[in-house]
Amino acid sequence: MTVRLRPTLTTLPAYVPGRSVPGAIKLASNETSLGPLPHVVRRITEVAGEANRYPDSFATELGSALAARFGVDPTQVVVGCGSVSLCQQLVLATAGEGDEVLFAWRSFEAYPIITTIDGATGVKVPLREDVHDLTAMAEAITDRTRLVFVCNPNNPTGTAVREAELRAFLDRVPPQVVIVLDEAYREYVIDPEVVDATTLLADYPNLIVLRTFSKAYGLAGLRVGYGIAADATLSNAVRQTQVPFAVTQIAQAAALACLEPPAEKELRQRVEDVTVERIRVTDELRAIGYAVPDSQANFVWLGNGPAEQGGIDALAFSTGCEDRGVIVRAFADSGVRVTVGLREENDAFLAAARALRARPVPADHQTDDTPDGF
Ligand SMILES: *Cc1c(COP(=O)(O)O)cnc(C)c1O
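Residues numbered from 1 in each chain as written. Predicted model: local features only at pLDDT ≥ 70, side-chain atom pairs only at ≥ 80, totals over all residues. Heavy atoms only, no water.

### Here we look at helix H7 (residues 232-240)
Point 1. Along H7, the positions that sit buried rather than exposed are Ala232, Leu234, Ser235, Ala237, Val238 and Arg239.
Point 2. On its buried face, H7 sits against strand E2 (77-80), helix H3 (83-94), strand E6 (178-182), strand E7 (207-212) and strand E8 (225-229). (Buried < 20%, exposed > 50% of the residue type's maximum accessible area, 1.4 Å probe, protein only. Helix = DSSP H or I, 4+ residues; strand = E, 2+ residues; numbered from the N terminus. Contact = heavy atoms within 4.5 Å.)

### Observations regarding the UniProt feature "modified residue: N6-(pyridoxal phosphate)lysine" (unreviewed entry) in the protein chain
Point 1. Per the UniProt record, "modified residue: N6-(pyridoxal phosphate)lysine" (unreviewed entry) is found at Lys215.
Point 2. When its relative accessible area of 16% is taken as the criterion, lysine 215 is described as buried.
Point 3. Excluding residues that lie within four positions of it along the chain, lysine 215 makes contacts with Ser29, Asn30, Thr32, Ala184, Tyr185 and Tyr188.
Point 4. Of the polar contacts made by the side chain of lysine 215, one reaches the side chain of tyrosine 185; its length is 3.1 Å. (UniProt positions renumbered as here; feature names shortened; annotations may be inferred. Polar contact = N/O pair within 3.5 Å; in protein donor to acceptor, adjacent residues only side chain to side chain.)

### Description of the UniProt feature "domain: Aminotransferase class I/classII large" (unreviewed entry) in the protein chain
Point 1. Summarizing the sequence annotation, UniProt attributes the feature "domain: Aminotransferase class I/classII large" (unreviewed entry) to residues 25-347 in the numbering used throughout.
Point 2. Structurally, residues 25-347 comprises 37% helix and 17% strand, and the distance from its first C-alpha atom to its last is 11 Å.

### As for the packing of aromatic side chains
Point 1. Per the counting criterion, the structure on display carries twelve aromatic pairs.
Point 2. Each ring, one from phenylalanine 103 and one from tyrosine 111, has its centre 5.8 Å from the other, and the planes form 50°; the classification is tilted. Assigned by exposure class, phenylalanine 103 and tyrosine 111 land together as buried.
Point 3. Ring centres 5.7 Å apart and planes at 85° place the aromatic pair tyrosine 290 and phenylalanine 317 in the edge-to-face group. Pair noted here: tyrosine 290 is in the loop between helix H9 (261-288) and strand E9 (299-303) and phenylalanine 317 is in helix H10 (residues 314-323), with a separation of 27 residues, a long-range link.
Point 4. Take tyrosine 290: its relative accessible area is 4%, and that puts it in the buried class.
Point 5. Note on phenylalanine 317: relative accessible area 4%, which makes it buried.
Point 6. Every member of this aromatic cluster is reached through a ring pair, and the members are Phe103, Trp105, Phe108, Tyr111 and Phe149.
Point 7. Here lysine 124 stacks its cationic end above the ring of tryptophan 105, 4.3 Å away from the centre of that ring.
Point 8. Taking the ring centre of tyrosine 290 as reference, the NZ or CZ of arginine 357 above it sits at 5.4 Å. (Phe/Tyr/Trp six-rings, centres within 6.5 Å; stacked < 30°, edge-to-face > 60°. Lys NZ or Arg CZ within 6 Å of the ring centre and 35° of its normal.)

### Considering the confidence of the model for the protein chain
Point 1. Averaged over every residue, the pLDDT of the protein chain is 94; the share at 70 or more is 95%.
Point 2. In this model, residues 359-363 is a region of pLDDT below 50 whose contacts with residues beyond four sequence positions or in other chains number four contacts.
Point 3. In this model residues 365-374 is a low-confidence stretch, pLDDT under 50, and it forms nine contacts with partners more than four residues away in sequence or in other chains. (pLDDT = per-residue confidence, 0-100.)

### Overview of the domain arrangement of the protein chain
Point 1. Domain annotation of the protein chain identifies domain 1 (15-30 + 265-358) and domain 2 (38-259).
Point 2. When each unit is reduced to the centre of its C-alpha atoms, the spacing between domain 1 and domain 2 is 25 Å.
Point 3. Listed as interface residues are 25 residues of domain 1 and, on the opposing side, 26 residues of domain 2.
Point 4. Note on domain 1 versus domain 2: buried area summed over both sides is about 2,100 Å², and carbon and sulfur give 60% of it.
Point 5. Here domain 1 and domain 2 share two salt bridges between them.
Point 6. A salt bridge links glutamate 109 to arginine 329; its shortest N-O distance comes to 2.4 Å.
Point 7. There are ten residue pairs in polar contact (both at pLDDT 80 or more) connecting domain 1 and domain 2.
Point 8. Looking at the side of domain 1 that touches domain 2, the elements with two or more residues in it are H9, E9 and strand E11 (329-331).
Point 9. A per-element tally of the side of domain 1 that touches domain 2 places H9 first, with eight residues. (Domains from an automatic or database assignment. Buried area = accessible area lost by both parts, 1.4 Å probe. Salt bridge = Lys/Arg side-chain N within 4 Å of Asp/Glu carboxyl O.)

### Structural notes on the site of the ligand
Point 1. Of all residues adjacent to the ligand, which total 13 residues, the nearest are Ser83, Tyr185, Thr212, Ser214 and Lys215.
Point 2. Here serine 214 contributes a side-chain N or O atom positioned 2.5 Å from an oxygen atom of the ligand.
Point 3. Taken by itself the ligand offers 380 Å² of open surface, and the protein chains cover 94% of this.
Point 4. Mapping the ligand onto the cavity grids shows that it belongs to the largest pocket. (Near = heavy atom within 4 Å. Areas by Shrake-Rupley, 256 points an atom, 1.4 Å probe, with all protein chains shown as cover. 1 Å grid on protein atoms, 1.4 Å probe; cavity = no way out; pocket = protein on both sides within 12 Å on 5 of 7 lines; lining within 4 Å. Sits in = over half its atoms within 2 Å of the grid points.)

### Points about the environment of aspartate 313
Point 1. If you trace the backbone, aspartate 313 turns up in the loop between E9 and H10.
Point 2. A residue is classified by how much of its surface remains accessible, and aspartate 313, at 47% relative accessible area, is partly exposed.
Point 3. With 253 residues separating them in the primary sequence, aspartate 313 and threonine 60 have C-alpha atoms 48 Å apart.

### What about a nonpolar patch on the surface?
Point 1. A cluster of nonpolar side chains, namely Met1, Val3, Leu5 and Leu9, defines an oily patch on the protein surface of about 500 Å² accessible area.
Point 2. As for its position among the elements, leucine 5 is in the segment before strand E1 (25-26).
Point 3. Owing to a relative accessible area of 63%, leucine 5 belongs among the exposed residues under this scheme. (Patch = residues over 30% accessible without salt bridge, like charges linked within 9 Å, V, L, I, M, F, W, Y side chains within 5 Å.)

### Examining the layout of surface pockets
Rolled over the atoms, a probe with the dimensions of a water molecule shows which regions are left empty.
Point 1. Estimates place the volume of the largest pocket at around 550 Å³.
Point 2. Lining of the largest pocket is provided by 29 residues; of these, Tyr15, Ser29, Phe108, Tyr185 and Lys215 occupy positions nearest its centre.
Point 3. Within the residue set of the lining of the largest pocket, elements represented by two or more residues are H3 and E11.
Point 4. Viewed by domain, the lining of the largest pocket spans two of them, domain 1 (15-30 + 265-358) and domain 2 (38-259), each represented by three or more residues.
Point 5. The calculated volume of the second largest pocket comes to roughly 240 Å³.
Point 6. Lining the second largest pocket are Arg69, Phe70, Arg186, Glu187, Val189, Asp196, Arg211, Tyr217, Tyr226, Glu264 and Leu267. (Points joined across faces, edges and corners; volume = space filled by probe spheres on them.)

Below is the structure:
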């Protein structure tokens with residue numbers, strides 16, 4: 001082939017989606033195990049018959065409903081084909097060749113990919129003990145920096161930064177640099193010191209907060225997320241970079257239904273079930289001997305490291321889980337992310353984790369707690 005492609009594509013890291021294996025328990029993509037909320041499924045069925053028409057390209061009704069909910073002007077809200085699309089649009093709107101996009105690492109694996117596709121330069125600031133190092137991030141800002149991603153809670157470590165340190169960081173970011181607070185897992189936060197970033201919009205004109213219906217609301221397959229910008233200049237710029245008709249009318253209607261009281265009630269129960277299970281899974285893993293950072297999301301993280309310090313080898317651990325019928329998400333160089341699912345799914349994972357934990361057991365205390373048949 002002699003077609004000319006952009007050279008930057010050869011340097012592109014591949015996005016590795018969580019794998020689905022028929023018959024196995026999938027805890028690899030931070031989805032909900034249950035289907036969409038029952039109230040929302042009813043609405044999806046009702047609007048299916050309108051699929052011959054193009055959707056409202058700017059999701060006006062959904063945008064207005066979100067604006068009302070957050071007490072902002074509708075011009076500050078932008079709806080996208082999943083919030084990952086909004087991440088990409090934000091990079092397109094702010095950075096080009098020679099410009100820098102700053103983010104923690106490891107964090108959401110889409111950040112370096114969309115930055116590279118755009119032709120901008122990604123600057124990765126290592127996590128400190130699995131948490132955003134906001135001091136180092138502030139120091140890494142240069143006059144080339146156009147955009148900063150802060151993923152809170154962080155995917156894949158689940159850790160969250162608290163209000164005081166977040167504000168201290170935001171205070172240090174120059175006003176011309178756009179700050180993206182990616183709150184894809186906000187619904188699962190229970191630590192009262194982890195601030196809802198939409199309450200910071202009034203203080204930071206260069207801030208935009210991203211949320212999604214993919215995670216807690218269970219609509220990953222419909223692709224709908226939104227951003228709330230402190231200033232409409234930014235949300236308008238994001239709208240300019242959108243592919244026309246990016247959000248289907250079924251996705252828009254489903255998202256609207258998510259905001260109605262029956263869905264809210266269903267959501268609250270589900271989120272509580274997950275956070276209770278998150279605590280149980282974390283405690284159990286620690287009891288087995290794994291080092292697990294505190295998570296505020298719907299997943300937990302097991303980092304690579306020496307077994308004596310509670311660490312794992314990501315590939316060996318994920319293969320071991322798969323052999324036992326549980327699919328987790330491995331990042332070969334750093335660790336494994338495991339979605340918190342239904343109680344019985346988590347039990348299957350915990351059984352695998354127990355079996356995989358090579359711990360020295362005195363010869364006269366050998367017990368076989370590793371059931372076969374997984
Ligand atoms: C899942 C996820 C998203 C976006 O998901 P969409 O399905 O595109 O809305 C954004 N950021 C982070 C950190 C995520 O984990």
